[in-house]
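Architecture and fold: a report
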Amino acid sequence: MTPSVGVVIPTRGDRQAQLREAVESALAQDHPGRLSVVVVADGAAPRDIEVPSCVRVLPNTRAPGLPGARNTGIAACDTDLVAFCDDDDVWLPGKLAAQTRALGERGGEFASCGIEVEYAHRRVARLAGCDTVTAGDLVRSRMVMVHSSTFLFERGALWVDESAPGGQNEDWDLALRAAGRRPITHVDRPLVRVRWGGSHYVARWADRIAGLDWMLARHPELAVDPRGAARVYGQLAFGHAALGHRREAVRWAVRAMGARAGEPRAPIALAVAAGLISAPAVLSALHRRGHGI
């Protein structure tokens, strides 16, 4: 029997054209089971959200921010599975069919898929090179393709942690917890177009630092794997450098290099801290290649 799917799309209501595209891409999926779409207005009035009449629009009734909005949507669904889509992303044809088929064939409870990163009119596919993602994989690498807009999972199995500071890393935390229960079923094809550059989170450096500190406290295993630890320390170094916190940037850069001598984020953070290049310039160069810091 084909499972029913509820799609949760949080929005602040400030990018209506992109929201309509996200909604339409979900409604256009060739899914033989029941499909419903719930848009959750976070900080916006539901009456101001313009979507097709078949789509429910609800106010965020939980903690303000993305995690609470996602959980509001989960609670509103009565489907077998729940899927997430950000309001500035687009599902590509065949996304749901491929993931539901993979879950059924492999007996999984949580699925992701490859993505296509769109930035400055360029599109770059990001694939995992595997069909299963473990907790160890997500510790060693953030695995950008295990993106919130790819998530499809059994309703009731997991909830988003609303304590994530500024909503940062709630998706990474959710994926790690899912993989800790059972390896994530991954469809390694670019089935979601993720649009970078318009995110509400990309340059909120204080929130990003707090989110990384939260992850280190919540998932101590991140500090055990040398490669994973160096990556997080390098990101912390970069965040502090972007804020002009030179001493903290140097401290975290040294820790990153101590964990892994070849960690590339450390010298980049030091260059930003020294004023040799700006943080936005670094991000722009990386985003053009489909990568982040």
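Because the structure is a prediction, the values reported are computed rather than measured. Along each chain, the written sequence defines residue order, and numbers are assigned to residues from 1. Given that the model is predicted, a residue must reach a pLDDT of at least 70 before its local features are reported, and side-chain atom pairs must reach 80 or more before they are shown or counted; all residues, however, enter totals for whole chains, interfaces and linings. Computation of side-chain values: all heavy atoms of the structure, hydrogens and water removed.

Comments concerning the overall build of the chain
Per the secondary structure count, the chain includes ten helices and ten strands. Computed over C-alpha atoms, the radius of gyration of the chain comes to 19 Å, within 12% of the 19 Å expected from 2.2 N^0.38 for 293 residues, which places it in the range of a compact globule. Counting only C-alpha atoms, the chain reaches 55 × 40 × 35 Å along its principal axes. Burial status follows relative accessibility: with a 1.4 Å probe on protein chains alone, a residue under 20% of its type maximum counts as buried, one over 50% as exposed, and anything between as partly exposed. Taking all 293 residues of the chain together, the buried fraction comes to 54%. Partitioning the contacts of the chain with sequence separation of at least 6, the portion at a separation of at least 24 is 75%. Counting every atom, the chain has about 12200 Å² of accessible surface; 52% of that belongs to carbon and sulfur. A positive count includes Lys and Arg, and a negative count includes Asp and Glu. His and the chain ends are not counted in either. Where a charge lies is defined by one atom per residue type, namely NZ (Lys), CZ (Arg), CG (Asp) and CD (Glu). Between the centroid of the 36 positive side chains of the chain and the centroid of its 32 negative side chains there is a distance of 5 Å. Put simply, DSSP marks the helices as runs of H or I at least four residues long and the strands as runs of E at least two long, and each gets a number from the N terminus on. Values of the radius of gyration come from C-alpha atoms, whereas the globule rule sets the reference at 2.2 Å times the count of residues to the power 0.38. Contact between two residues is taken to exist if any of their heavy atoms lie within 4.5 Å; hydrogens are not considered. Shrake-Rupley sampling with a 1.4 Å probe provides the accessible areas, and residues are treated as covered by the protein chains on show and by no other component.

Observations regarding the pattern of salt bridges
For salt bridges, the criterion is a side-chain nitrogen of Lys or Arg within 4 Å of an Asp or Glu carboxyl oxygen. What the rule picks out here adds up to 22 salt bridges. Between Glu 170 and Arg 70 there is a salt bridge, and its shortest N-O distance comes to 3.2 Å. With Glu 170 in helix H5 (residues 170-181) and Arg 70 in helix H2 (residues 66-76), the pair connects residues that are 100 residues apart, well separated along the chain. Accessibility assignment for this pair places Glu 170 and Arg 70 in one class, buried. Across the salt bridge formed by Arg 123 and Glu 118, the nearest N and O atoms sit 2.8 Å from each other.

Considerations on the pairing of strand E6 (residues 110-119)
With respect to burial, E6 is a largely interior element, ten of its ten residues being buried. We call two strands paired when DSSP finds no fewer than two bridges between them. Note: E6 against strand E9 (residues 152-154), two bridges, orientation antiparallel. Looking across to E9, one finds that Ala 111 is bridged to Leu 152. Pairing of E6 with strand E10 (residues 184-195), which is carried by eight bridges, proceeds in the parallel orientation. Within E10, the residue paired with Glu 116 across the bridge is Arg 193. Sheet topology note: the E6/strand E7 (residues 122-126) ladder contains five bridges and is antiparallel. In the sheet register, Glu 116 faces E7, and the bridge partner there is Ala 125.

A look at H2
Burial within H2 is extensive, with nine of its eleven residues counted as buried. Inspection of H2 places Leu 66, Pro 67, Gly 68, Ala 69, Arg 70, Asn 71, Thr 72, Gly 73 and Ile 74 among the buried residues, and these make up the whole buried set. Those residues of H2 that are buried are in contact with strand E1 (5-11), strand E2 (35-41), strand E3 (56-59), strand E4 (81-84), E9 and H5.

Let's talk about the packing of aromatic side chains
The geometry of two aromatic rings is summed up by the distance between their centres and the angle between their planes. The criterion for an aromatic pair is that two Phe, Tyr or Trp rings (for Trp, the six-membered ring) have centres within 6.5 Å, with stacked assigned to planes under 30 degrees apart, edge-to-face to planes over 60 apart and tilted to the rest. Evaluation of the coordinates by the stated rule reveals six aromatic pairs. These aromatic residues form a ring-pair network of at least three members: Phe 84, Phe 110, Phe 151 and Phe 153.

Remarks on the environment of Pro 52
As for its position among the elements, Pro 52 is in the loop between E2 and E3. In this structure the C-alpha to C-alpha distance between Pro 52 and Arg 20, which are 32 residues apart in sequence, comes to 8.4 Å. The residues touching Pro 52, leaving out its near neighbours within four places in the chain, are Val 23 and Leu 27.

What about helix H1 (residues 16-27)?
Expected helix span is taken as 1.5 Å per residue step, with the number of steps being one fewer than the number of residues. The terminal C-alpha atoms of H1, which comprises twelve residues, lie 16 Å apart, in line with the 16 Å expected from a rise of 1.5 Å per residue. Three or more residues of H1 are buried, namely Gln 16, Leu 19, Ala 22, Val 23, Ser 25 and Ala 26. Where H1 is buried, its residues touch E1, E2 and strand E5 (90-91).

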